[in-house]
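Listed below, chain by chain, are the residues.
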Amino acid sequence: MSLSVAASTQSLPAEVVFDLLQRVRQKTPRVHTITNAVAQSFTANVLLAIGAVPSMTISSEEVAGFASSSDALLVNLGTLDAARREAIPIAIEAARAAGRPVSVDPVFINRSPVRCAYARELMAFKPELVRLNEPELEVLCPQRSDVEALIGSGTVLTVTGAEDKIESQGEDFRLQNGHPLLARVTATGCAGGAVLAAFASLESDIALAAAAGLSVFNIAGEMAAERAGGPGSLVPELLDALYTMTSRDVEIRLKSV
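Residues numbered from 1 in each chain as written. Predicted model: local features only at pLDDT ≥ 70, side-chain atom pairs only at ≥ 80, totals over all residues. Heavy atoms only, no water.

Draft legend 1. Spotlight on unusual backbone geometry. Phi at Thr28 is positive, roughly 45°, even though this residue is not glycine. Along the chain, Thr28 falls in the loop between α1 (14-27) and β2 (30-34). Positive phi is not limited to glycine here, since Phe108 has a value of about 60°. Position of Phe108 relative to the elements: it lies in the loop between β5 (102-105) and α5 (113-123). (Helix = DSSP H or I, 4+ residues; strand = E, 2+ residues; numbered from the N terminus.)

Next comes the structure, spelled out in structure tokens:
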């Protein structure tokens, strides 16, 4: 179920993107991240590189305290084991009660009907942000009416691909930054989702936060790919690019349609 280009599609000013990055660097928000086992370390390092602070526990005894005292919650379904399945609703309810934004990344729900059913259950919590790709969107929202219902509940949809699409009740964005080498390193998408959550913790316009966070991550990917010799050197270059990104980097590279 592809998102069509809406009449309300907005351009994204470079100065707004960099301002949000600077706010993250200055405010150091903590993002509690329940993510997959493959992505944990890389996601934590990406958050640190942009100036945010990660916390990662999946213990059902601790997760409510961590989620409620964080600035945002990210739920990633990449390895949906029993511990994560138990911890996720506890964390979401705690974040909800504390007024923290919740972001859900329903990884590979197109490969597992069980996981897809679980992701649909999570939509009942009305997360502020859902980040996924086109195949995942097609099984989560088989009909356009399903997309409209999800957006109508207040959720911002971020659909990644050759062109990234963000759709909300307000403005929509179309973005074209990124580099193919990002797909050659595991967990880049998962870590990118954490950047979106960090931005959403400081910006009430969740669609704008998602557009800015995704742009920062993908611009960093372009910068890193130019310096890297391949996937092995991409990771340290990506972390450095996120850490050192300037307003000029954003200005000359941002591609918002």
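Draft legend 2. Main features of the pattern of salt bridges. Following the criterion strictly, the structure yields ten salt bridges and no others. The salt bridge involving Lys165 is made with Glu134; its shortest N-O contact spans 3.2 Å. Note that Lys165 is positioned in strand β8 (residues 164-167) and Glu134 in helix α6 (residues 134-140), a separation of 31 residues in sequence. Its relative accessible area of 17% is what places Glu134 among the buried residues. One connected set of salt bridges, linked through shared partners, spans Arg144, Glu148 and Glu167. (Salt bridge = Lys/Arg side-chain N within 4 Å of Asp/Glu carboxyl O. Buried < 20%, exposed > 50% of the residue type's maximum accessible area, 1.4 Å probe, protein only.)

Draft legend 3. Focus on the environment of Ser55. Among the secondary structure elements, Ser55 is positioned in strand β3 (residues 53-55). Separated by 40 residues in the primary sequence, Ser55 and Ala95 place their C-alpha atoms 14 Å from one another. Setting aside residues no more than four positions away along its own chain, Ser55 makes contact with Arg30, Val31, His32, Thr33 and Phe66. (Contact = heavy atoms within 4.5 Å.)

Draft legend 4. Layout of the layout of surface pockets. Here the largest pocket is characterised by a volume of approximately 760 Å³. In this structure, the largest pocket is lined by 31 residues; those nearest its centre are Arg131, Thr160, Thr188, Gly189 and Cys190. Taken together, the elements giving at least two residues each to the lining of the largest pocket come down to β6 (129-133), α8 (188-200) and α9 (206-227). Top element by residues in the lining of the largest pocket is α8. It accounts for four residues. (1 Å grid on protein atoms, 1.4 Å probe; cavity = no way out; pocket = protein on both sides within 12 Å on 5 of 7 lines; lining within 4 Å. Points joined across faces, edges and corners; volume = space filled by probe spheres on them.)

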